[in-house]
Amino acid sequence: MIEMDGIRKIYRTQHVETHALTDFTLKIDSGEFVSVMGPSGSGKTTLLNIAGLLDTFEQGRYLFDGEDVSKLSDRQMSRIRNRKIGFIFQSFNLIPDLNVFDNVDVPLRYRGMKAADRRKAIDHALDIVGLSARSKHHPAQLSGGQQQRVAVARALVGAPNLILADEPTGNLDTAMANEILDLLETINEMETTVVMVTHEPDLAARARRCLHLLDGRLIDFEADDRPAPLAVAAERAVSSRI
């Protein structure tokens, strides 16, 4: 699903050059559930932005679902995003003037689907997240957990190949956070690839694989094959000098 090889991403201002990802190589197979952890500034969000075709990069190659997306136009990348990728954000990003049904409908409208087909897809997505009875409510009438479930439904409604979740539980209490993880696990069981950034080790552990980033580099690949603490400390010391 995701195959990155030698990706380099640099953010530049007038006086500062920040290497967000450095010679970054990663492979995520179709149907995986992968969590991503790391301190602030380690490159987690940059990784999601590049994976979701929201950002470009200076060097390397990225194959998404078998297609080299490095040279695609903005229009071509937008089409892939709309049809193959769903996004879930920490801040929900719902449109306050639209009710639940219409918020979930937003990505489908860009596909030019018939109204009847959209309604069927929306009803199915809201049923999965348990909000069928709230379809006419507006975001302000919902709890934080319910708003995030609407965001999950919006990401899911187009039957994407990949779900990218950036701190999807960051604004939720523990109980609501676990409910969102339950939903992500259910979506993954539907053979949808899920990549989730989180700062919570207990939530990250629920994924099938956990990646650790530091200074734009992967520290380890397998959750069950992590180096000993002293090895991690040594590698971090080396990374800090690069």
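Chemist: Sorry if this is basic, but what is going on with the nonpolar core here?
Modeler: A general trend in soluble globular proteins is that nonpolar side chains are found buried together. Membership of the largest hydrophobic core comes to 35 residues, with the highest contact counts inside it found for Leu126 and Leu184. Taken together, the elements giving at least two residues each to this core come down to α3 (100-109), α4 (115-129), α5 (144-156), β7 (162-166), α6 (174-189) and β8 (193-197). Filtering out sequence-adjacent residues up to four positions away, leucine 184 remains in contact with Phe33, Ile88, Pro168, Val194 and Met196. Among the nonpolar cores identified, the runner-up in size contains 31 residues, and Ile50, Ile80, Leu164 and Val195 belong to it.

Chemist: Where do I start with unusual backbone geometry in this structure?
Modeler: Trans peptide bonds make up the majority, and among non-glycine residues the majority have a negative phi. The phi angle at asparagine 93 is positive, at roughly 55 degrees, despite the residue not being glycine. Summarising the element assignment, asparagine 93 is placed in the loop between β6 (85-89) and α3. Given a relative accessible area of 40%, asparagine 93 falls into the partly exposed group. Phi angles above zero are rare outside glycine, and glutamate 167 is one such case at about 50 degrees. By relative accessible area, glutamate 167 is classed as buried at 11%.

Chemist: For this particular structure, what's the right way to read the packing of α5 against α6?
Modeler: The packing of two helices is summarised by the inter-axis angle and the distance between the axes. Orientation of α5 relative to α6, taken along the N-to-C sense of each, is 15 degrees, at an axis distance of 10 Å. Between α5 and α6, the crossing angle belongs to the class labelled roughly parallel. α6 is crossed by α5, and the crossing has right-handed handedness. Residue-level inspection shows Gly145, Gln148, Arg149, Val152 and Leu156 of α5 in contact with α6, the latter providing Met176, Glu179, Ile180, Leu183 and Ile187. Class assignment for the residues of the contact of α5 with α6 results in six nonpolar, two polar and two charged.

Conventions adopted
Residues numbered from 1 in each chain as written. Predicted model: local features only at pLDDT ≥ 70, side-chain atom pairs only at ≥ 80, totals over all residues. Heavy atoms only, no water. Core = buried A, V, L, I, M, F, W, Y, C linked by side-chain atoms within 4.5 Å. Buried < 20%, exposed > 50% of the residue type's maximum accessible area, 1.4 Å probe, protein only. Helix = DSSP H or I, 4+ residues; strand = E, 2+ residues; numbered from the N terminus. Contact = heavy atoms within 4.5 Å. Axes fitted to C-alpha atoms, helices over the stretch in contact; angles between N-to-C directions. Parallel < 35°, antiparallel > 145°, perpendicular 65-115°, else oblique. Left-handed = near helix turned anticlockwise from the far one by under 90°. Nonpolar A, V, L, I, M, F, W, Y, C, P; charged D, E, K, R; others polar.

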